[in-house]
Amino acid sequence: MDTKKEMAKLKKRLKEIAHLAHASKLLSWDREVYMPDAGTEHRAEAASELSGLIHKKILALNSDELLSNLHEAEKSGDLKDDDAAIIRETWRDYKRKAELPEKFVRQLSQLTSEAQSIWRKARENDDFDQFAPTLKKIVEMQQEKAEHLGYEETPYDPLLEGFEPRMTTEKTEKIFTDLRDFLVPLIEDIRGQELSINKQIEGQEVPIEEQKEFNRAVAEEMGYDFHAGRLDASTHPFTQAMSPQDARITTRYTPTNLLSSLTATIHEMGHGLYEQGLPDAHYGTPLAEPASLGVHESQSRLWENHIARSLPFSKWLHQKLTKQLAGLENISANGVYKELNTVTPSLIRVEADEVTYNLHIIIRFELEKALIEGSLSVEELPEQWNEKYEKYLGIEVPNDAEGVLQDIHWSMGSFGYFPTYTFGNLYAAQLDQAMRKEIPEIDTKIRSGGFEQIVSWLQNNIHRQGKRYSAEELIENVTGNRLRVDAFKSYIQSKYGNLYEINL
Ligand code: CO
């Protein structure tokens with residue numbers, strides 16, 4: 001086989017898929033940002049038509065056995081590095097799609113699209129029983145999916161694999177249990193301690209137009225490229241990249257909560273910078289794709305938490321705030337820092353601070369793993385949910401709408417997805433630790449708004465690598481370690497020990 005010629009043929013097929021995916025991503029971005037409500041129905045049809053086409057094209061990667069021949073060549077070491085990585089990842093993706101029967105895929109997509117509106121109504125009525133039969137079907141189909149995909153240890157493995165390639169349930173469980181046992185007593189200690197903050201920014205009305213300008217200026221100064229991106233508003237902040245040349249972010253605005261829109265912008269900017277930094281020369285191949293959802297989240301969390309919630313950043317931000325916005329003359333840099341770092345156990349994950357956040361994820365992981373493995377029934381779910389919130393976060397869940405029904409992801413069939421948030425938080429701490437050793441006087445630079453070296457450090461070490469390595473290999477190359485809890489632990493202990501003046 002002429003591998004060079006065959007590779008060229010495969011890359012051509014991959015490019016076609018990338019172009020269709022480009023269109024499909026733009027449709028979904030537009031749906032969240034611009035589309036009028038009445039457009040929903042036809043847009044859903046168009047999107048589904050397009051994803052059907054993409055699915056067919058992915059399966060056709062192997063027509064004339066092109067992909068499996070290249071996969072054999074890769075296994076016997078006949079491909080050069082770049083090509084080997086492309087084939088390894090394309091094969092993995094192809095296999096996962098090929099192993100699911102078409103009828104099953106159609107049924108699952110039908111079920112989850114109905115489930116989302118059933119879930120919405122159940123949450124509105126605070127009535128879990130309304131959602132339970134549908135959730136039960138979704139769990140059964142996830143179990144069936146795991147059977148199709150195959151597994152050795154637990155049916156949760158192949159589901160987790162879909163979001164975090166080559167991560168195992170066993171490792172996740174070990175890491176999460178360690179993290180949980182660290183966080184539960186630590187949060188209790190923090191709760192016993194009052195942090196005297198007088199919120200100076202939250203509650204202040206800042207007109208949305210001014211907020212937009214301010215958010216844009218901050219993102220631009222931090223390194224986000226507006227020639228290859230946009231900042232818009234949407235109900236839930238998100239990032240959508242059509243290509244490294246067009247990686248868009250959104251945030252949400254509330255007139256009296258400037259810091260909430262700003263931290264959301266910085267979070268999404270971290271995602272956006274990753275997408276902008278992927279190597280455009282490899283566009284259409286896995287070498288220009290993010291390593292995993294966990295690595296993606298590490299980029300947003302590193303900017304949002306490790307940089308933007310640091311004291312030097314608060315000093316920089318304080319200057320900008322007092323200079324550019326009226327009515328904020330009386331705030332102090334230390335006040336901004338404290339306001340950005342209050343720890344309050346809460347019911348809702350998306351509003352959680354960086355200390356309590358991971359417990360929301362760990363609770364979901366424990367519950368969804370038990371559901372998939374069959375050791376927990378859907379009927380028992382609300383009770384278990386409430387028990388864990390009480391046990392881990394010390395809070396009482398007043399109703400199912402704010403408890404087990406709060407989140408859309410289970411109705412979408414996204415089982416195995418939540419852990420990637422915590423992988424991201426842990427990777428971010430590992431990267432932050434490594435980066436601080438390599439960038440001299442990083443705090444002084446942050447304090448005066450010098451972010452260039454941080455951006456280029458991340459570009460070189462993470463962004464430019466695409467999917468060349470698995471998430472854990474990539475992190476190991478950069479930090480010397482695979483996924484670990486200790487960097488996160490020491491970051492939290494030192495930061496919050498200082499803030500709350502206690503020994504954690
Ligand atoms: Co994110």
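Residues numbered from 1 in each chain as written. Predicted model: local features only at pLDDT ≥ 70, side-chain atom pairs only at ≥ 80, totals over all residues. Heavy atoms only, no water.

1. Overview of the sheet that holds strand E3 (residues 246-251)
What the three strands build is an open sheet, ordered E1-E3-E2; its pairing is mixed. Each having just a single partner strand, strand E1 (231-233) and strand E2 (239-243) make up the two edges of the open sheet. Taken over all neighbouring pairs, the strand axes of this sheet differ in orientation by 25 degrees on average, direction set aside. Sheet topology places E2 next to E3; four bridges connect them, and they run antiparallel. When the sheet's bridge partners are listed, Gln-240 is paired in E3 with Arg-248. Packed onto the sheet, helix H10 (residues 258-277) meets E1, E2 and E3 and runs at close to 165 degrees relative to E3. (Pairing = 2+ DSSP bridges. Helix = DSSP H or I, 4+ residues; strand = E, 2+ residues; numbered from the N terminus. Axes fitted to C-alpha atoms, helices over the stretch in contact; angles between N-to-C directions. Contact = heavy atoms within 4.5 Å.)

2. Brief notes about the environment of Leu-100
Tracing the chain through its elements places Leu-100 in the loop between helix H4 (81-98) and helix H5 (102-124). C-alpha separation for the pair Leu-100 and Thr-112, spaced twelve residues apart in sequence, amounts to 16 Å. Those residues in contact with Leu-100, other than ones at most four positions away along the chain, are Val-105, Lys-145, His-148 and Leu-149.

3. A closer look at the coordination of the cobalt ion
Within the first shell, the cobalt ion binds the protein through His-267 (NE2), His-271 (NE2) and Glu-297 (OE), at distances of 2.2 Å. Expressed as a motif, the donor residue spacing for the cobalt ion is H-x3-H-x25-E. With His-271 in helix H10 and Glu-297 in helix H11 (residues 293-307), this residue pair connects regions lying 26 residues apart in the sequence. One exposure class covers both His-271 and Glu-297, and it is buried. (Donors = N, O, S within 2.8 Å, 3.2 Å for Na, K, Ca; no water. Buried < 20%, exposed > 50% of the residue type's maximum accessible area, 1.4 Å probe, protein only.)

4. Re helix H14 (residues 357-373)
The terminal C-alpha atoms of H14 lie 25 Å apart, and with 17 residues this matches the ideal 24 Å at 1.5 Å per residue to within 8%. Most of H14 sits inside the fold, with 16 of its 17 residues counted as buried. Immediately beyond the C-terminal end of H14, within one or two residues, lies Gly-374, with a positive phi of roughly 85 degrees. (Expected span 1.5 Å × (residues − 1).)

5. What about the layout of surface pockets?
Of the volumes computed, that of the second largest pocket is approximately 390 Å³. Taken together, 17 residues make up the lining of the second largest pocket; nearest its centre are Ser-310, Leu-311, Tyr-337, Lys-495 and Asn-498. Secondary structure elements with two or more residues in the lining of the second largest pocket: helix H12 (311-324), helix H13 (333-340), helix H16 (419-438) and helix H20 (486-500). Counting residues per element, the lining of the second largest pocket draws most heavily on H20, which supplies five residues. Each residue belonging to the lining of the second largest pocket can be placed in one class, and the counts come to five nonpolar, five polar and seven charged. (1 Å grid on protein atoms, 1.4 Å probe; cavity = no way out; pocket = protein on both sides within 12 Å on 5 of 7 lines; lining within 4 Å. Points joined across faces, edges and corners; volume = space filled by probe spheres on them. Nonpolar A, V, L, I, M, F, W, Y, C, P; charged D, E, K, R; others polar.)

6. What about the pattern of salt bridges?
The full count for this structure, using the stated rule, is 40 salt bridges. Here Lys-136 ties to Glu-379 by a salt bridge, and the two come within 2.9 Å at their closest N and O atoms. Within this pair, whereas Lys-136 is found in helix H6 (residues 128-149), its partner Glu-379 is found in the loop between H14 and helix H15 (381-393), the two being separated by 243 residues in sequence. Between Lys-369 and Glu-173 there is a salt bridge, with the nearest N and O atoms lying 3.4 Å from each other. With a gap of 196 residues between them, Lys-369 in helix H14 and Glu-173 in helix H8 (residues 169-191) connect regions that are remote in the sequence. According to the relative accessible area criterion, Lys-369 is buried, its value standing at 12%. (Salt bridge = Lys/Arg side-chain N within 4 Å of Asp/Glu carboxyl O.)

7. Some details on empty space enclosed by the protein
Tallied over the full model, the rule gives two cavities of 30 Å³ or more. When its volume is computed, the largest cavity comes out at roughly 40 Å³. Lining the largest cavity are Arg-301, Asn-305, His-306, Glu-354, Asn-425, Ala-428, Phe-488 and Tyr-491. When residues of the lining of the largest cavity are assigned to their parent elements, the largest contribution, three residues, is made by H11. Counted by class, the lining of the largest cavity contains three nonpolar, three polar and two charged residues. If you go around the second largest cavity, the residues you meet are Trp-119, Phe-128, Phe-131, Leu-135, Val-404, Leu-405, Asp-407 and Trp-410. For the lining of the second largest cavity, the element with the highest residue contribution is H6, accounting for three residues. Here the residues of the lining of the second largest cavity sort into seven nonpolar, no polar and one charged.

Functional significance is not addressed by these values, which are geometric in nature.
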